[in-house]
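# Observations on the model geometry
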Amino acid sequence: MLALSAEGILPRIDFAVFADTGWEPQAVYDHLDRLEREVAKPAGIPILRVSSGNIRDDALDPERRFASMPLYILNRDSLPGMTRRQCTGEYKIKPIKRQVRELLGFPYPQRVPKGLYVEQWVGISTDEFHRAKDSDVKYMRNRHPLISDLDWSRADCIRYLSSVSLADTPKSSCLGCQWRSLRDNSPAEWDDVVAFDAAIRQGNARANASGNPLLGEAFLHRSRVPLAVAPIDHVTRSERDAAASDELENGVANGCSPWACRGEESEQEQDDFGLAS
């Protein structure tokens, strides 16, 4: 959408906002720098980088409240479960809302006057039209120009990016939700994710410190085995469908996007960090 606006295909935007989880692949940060240098600045569009902290460090810090990732739990009775998905709201949506309030001149806890709002563009294509929702606050009104203005699918977006020499655009998602490309192309980041997977096996550091340990074991991969030996190369039937191509890299069918989690959870979620009730 930034490139489309800079080129004049879509109306000129006032700002672009990047919500940083603090644990993105280096390729994402490098690409963002390139976008700022080659696309945004020449068009006079500022890129604002916002953050609520480092999701990796927060998960392992007993002094911090952790907004849990979608972790797979193996309970003591051997039944599977999942942690509640909170990371998108905490590390993506919350800092964006905070930035929007500041742009409007009414930072929290001030009330934004009635009728004052920003139009926020959300990059959802026709493949995922069911995720195109209205904002939950009155000072933000969502618009989905890839759908409403262009009627573009993901394939259309890829063709356009290729035409403007941006075909190498990497997936923006924290390291905890993407693995295969890291293992094959970024050994240091892969080692970091494997180490994190091992570190969260017993659950939330803060919960453990307060005497509320996880009643089971937590894993990044749905197979509920250590990531270092998880079957991330296995191709399922659904992964053969082009619409499910993300799973080839992620191993997570309902992973995160920059604005919201994809799909609906198929397994029962558990409170906090998988704590059994």
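Quick summary incoming for the structure in this document. (Residues numbered from 1 in each chain as written. Predicted model: local features only at pLDDT ≥ 70, side-chain atom pairs only at ≥ 80, totals over all residues. Heavy atoms only, no water.)

With that settled, consider the environment of N75. Locating N75 in the fold gives a position in strand β3 (residues 72-75). N75 gets classed as buried once you look at its relative accessible area, which sits at 13%. For the pair N75 and G216, spaced 141 residues apart in the sequence, the C-alpha separation amounts to 4.1 Å. (Helix = DSSP H or I, 4+ residues; strand = E, 2+ residues; numbered from the N terminus. Buried < 20%, exposed > 50% of the residue type's maximum accessible area, 1.4 Å probe, protein only.)

Below, the discussion takes up the packing of aromatic side chains. Geometrically, a pair of aromatic rings is defined through the distance of the ring centres and the angle of the planes. Under the criterion given, the structure shown has 2 aromatic pairs. Relative to Y160, the ring of W152 has its centre 5.6 Å away and its plane inclined at 45°; by these criteria the two rings are tilted. Note on accessibility: W152 and Y160 belong to one class, buried. Taking NZ or CZ as reference, K92 lies 5.6 Å from the ring centre of F18, over its face. Between the NZ or CZ atom of R141 and the centre of the ring of Y117, over which it lies, the distance is 3.6 Å. (Phe/Tyr/Trp six-rings, centres within 6.5 Å; stacked < 30°, edge-to-face > 60°. Lys NZ or Arg CZ within 6 Å of the ring centre and 35° of its normal.)

Here helix α4 (residues 87-104) contains 18 residues, and its C-alpha end-to-end distance of 25 Å stays within 8% of the 26 Å for a straight helix at 1.5 Å per residue. Maximal helix bending in α4 amounts to about 35°, located at I93; proline P95 follows within four positions. Those residues of α4 that are buried are in contact with β1 (16-20), β2 (47-51), α3 (55-60), β5 (118-121) and β6 (140-143). Once α4 finishes, G105 follows within two positions and takes phi at roughly 90°, a positive value. (Expected span 1.5 Å × (residues − 1). Bend = angle between axes of the 7 residues up to and from the residue. Contact = heavy atoms within 4.5 Å.)

Structurally, S52 is set in the loop between β2 and α3. A polar side-chain atom of S52 sits 2.9 Å from the main-chain carbonyl oxygen of E90. Among all residues touching S52, those that are not within four sequence positions of it are D20, D58, R64, E90, Y91, K94, P95 and R98. (Polar contact = N/O pair within 3.5 Å; in protein donor to acceptor, adjacent residues only side chain to side chain.)

Here we take up helix α8 (residues 187-199). Helix length check: α8 (13 residues) gives 18 Å between terminal C-alpha atoms against 18 Å at 1.5 Å per residue, within 8%. Listing the buried residues of α8 in full gives E189, W190, V193, F196 and D197. An end-on view of α8 places all buried positions within 120° of arc, on one side of the element. Structural note: α8 exposes P187, A188 and D191 on the side pointing more than 90 degrees away from its buried face. Looking at the packing, one finds that the buried side of α8 touches α2 (26-43), α3, α7 (180-185) and β7 (216-219). (Arc of directions from axis to C-beta.)

Let us now look at the pattern of salt bridges. Following the criterion strictly, the structure yields 18 salt bridges and no others. R56 is the partner of D192 in a salt bridge, and the nearest nitrogen-oxygen pair spans 2.8 Å. On the criterion of sequence distance, the pair formed by D192 in helix α8 and R56 in helix α3 is long-range, its members being 136 residues apart. With a shortest N-O distance of 3.4 Å, K94 and E90 are connected by a salt bridge. One end of the pair, K94, and the other, E90, are both in helix α4, 4 residues apart, so they sit about a helical turn from each other. Among the residues examined, E90 registers a relative accessible area of 21% and is labelled partly exposed. A single salt-bridge network, built from bridges that share partners, covers R34, R37, E38 and D168. (Salt bridge = Lys/Arg side-chain N within 4 Å of Asp/Glu carboxyl O.)

Before going further, it helps to spend a moment on the environment of I200. The topology assignment puts I200 in the loop between α8 and α9 (205-209). Looking at I200, the relative accessible area reads 0%, which means it is buried. Once the C-alpha coordinates of I200 and E217 are considered, the two residues, 17 residues apart in sequence, prove to be 8.3 Å apart.

The next point concerns the pairing of β3. Looking at chain direction, β3 and strand β4 (residues 80-83) are connected through 3 bridges and run antiparallel. Of the residues in β4, the one forming a bridge with Y72 is M82. (Pairing = 2+ DSSP bridges.)

Here we come to the side chain of D20. Considering the arrangement of structural elements, one finds D20 in strand β1. Comment: no salt bridge for buried D20; closest opposite-charge side chain is K92, at 6.7 Å. For D20, the side chain forms a polar contact with the main-chain nitrogen of G22, separated by 2.8 Å. If sequence neighbours within four positions are ignored, D20 has contacts with Y29, V50, S51, S52, G53 and Y91. (Lys, Arg positive; Asp, Glu negative; His and termini not counted.)

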